[in-house]
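# Structural overview for review
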Amino acid sequence: MEIERKFLVDSEQLPFRPEDYPCRMIEQAYLCTDPVVRVRRDNDSYFLTYKSKGLLAREEYNLPLTEEAYRHLIAKADGKIIAKKRYVIPLQNGLKLELDIFAEPFAPLVLAEIEFPDEDSARSYEAPPWLGEDVTYSSQYHNSTLSRS
């Protein structure tokens with residue numbers, strides 16, 4: 001079960017430099033958006049992912065792929081391929097912020113996600129103002145939706 005909140009971030013408002021934190025290069029595409037079936041390259045790892053419906057909480061299953069299988073499947077993508085840099089920033093209470101800085105054609109979009117151990121923690125989290133608008137309950141900012149825009 002994936003339980004996360006998502007925020008629309010103005011990169012000019014960040015109280016830190018993303019470049020000071022670990023970065024992963026992510027490329028992903030969607031084979032289907034209802035239900036969500038995605039292929040992803042995360043640095044040198046490859047996955048096929050299934051996600052159930054939901055906004056705050058939803059099921060997520062990741063299956064490893066070979067690079068060859070990934071290349072075969074991404075060619076069958078339904079929609080745009082998404083490329084982004086993901087920076088992982090530690091927060092208080094063992095939480096981590098995943099900051100996604102999108103490449104064209106989605107730039108200058110910047111989204112932040114925080115994964116929580118349970119729904120109560122997610123609902124009670126008080127986000128700092130620099131995180132910007134909470135878009136957790138907006139499917140507009142799901143990567144699967146972006147890929148179709």
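Below: a short report on this structure. Just so it is clear, the structure is predicted and the values come from calculations on it, not from any experiment. (Residues numbered from 1 in each chain as written. Predicted model: local features only at pLDDT ≥ 70, side-chain atom pairs only at ≥ 80, totals over all residues. Heavy atoms only, no water.)

### Let's talk about the pattern of salt bridges
Put simply, the rule reads: Counted as salt bridges are all cases of a side-chain nitrogen of Lys or Arg within 4 Å of a carboxyl oxygen of Asp or Glu. Numbering of helices and strands runs from the N terminus; a helix is a DSSP stretch of H or I covering at least four residues, while a strand is a stretch of E covering at least two. Only protein chains enter the accessibility calculation, which uses a 1.4 Å probe; a residue whose area is less than 20% of its type maximum is buried, one above 50% is exposed, and one in between is partly exposed.
According to the stated counting rule, one finds 14 salt bridges in the structure shown. Linking Glu-2 and Lys-51 is a salt bridge whose minimum nitrogen-to-oxygen distance equals 3.6 Å. With Glu-2 in strand 1 (residues 2-8) and Lys-51 in strand 4 (residues 45-51), the pair connects residues that are 49 residues apart, well separated along the chain. Accessibility classification places Glu-2 together with Lys-51 in one group, the buried group.

### A closer look at the layout of surface pockets
Put simply, the rule reads: Buriedness of a pocket was judged along seven lines, with at least five required to meet protein on both sides within 12 Å; pockets are open sets of points on a 1 Å grid over the protein atoms alone, cavities are sets where a 1.4 Å probe fits but cannot get out, and lining residues have an atom within 4 Å of a point. Grid points are joined across faces, edges and corners, and a volume is the space filled by probe spheres set on the points. For this classification, Asp, Glu, Lys and Arg are treated as charged, while Ala, Val, Leu, Ile, Met, Phe, Trp, Tyr, Cys and Pro are nonpolar and the rest, including Gly, are polar.
The computed volume of the largest pocket comes to approximately 330 Å³. If you go around the largest pocket, you meet 24 residues; those closest to its centre are Glu-2, Arg-38, Arg-40, Lys-51 and Glu-60. If you list the elements that add at least two residues to the lining of the largest pocket, you get strand 1, strand 2 (23-33), strand 3 (36-42), strand 4, strand 6 (60-65), strand 7 (82-90), strand 9 (110-115) and helix 3 (143-147). In terms of residue count, strand 3 provides more of the lining of the largest pocket than any other element does, four residues in total. Split by residue class, the lining of the largest pocket holds three nonpolar, six polar and 15 charged. When its volume is computed, the second largest pocket comes out at roughly 200 Å³. Taken together, 15 residues form the lining of the second largest pocket, with Thr-33, Val-36, Arg-58, His-142 and Ser-144 sitting closest to its centre.

### Brief notes about the packing of aromatic side chains
Put simply, the rule is: Aromatic pairing here means that ring centres of Phe, Tyr or Trp (its six-membered ring) are within 6.5 Å. Orientation follows from the plane angle: under 30 degrees is stacked, over 60 is edge-to-face, and everything else is tilted.
This structure, assessed with the given rule, holds six aromatic pairs. With a centroid separation of 5.1 Å and 45° between ring planes, the pair formed by Tyr-46 and Tyr-70 is classed as tilted. One end of the pair, Tyr-46, is in strand 4; the other, Tyr-70, is in helix 1 (residues 67-74), and 24 residues separate them in sequence. Overall, Tyr-70 belongs to the buried group, its relative accessible area being 0%. Here a set of aromatic residues connected by ring pairs shows up, and it is made of Phe-16, Tyr-21 and Trp-130.

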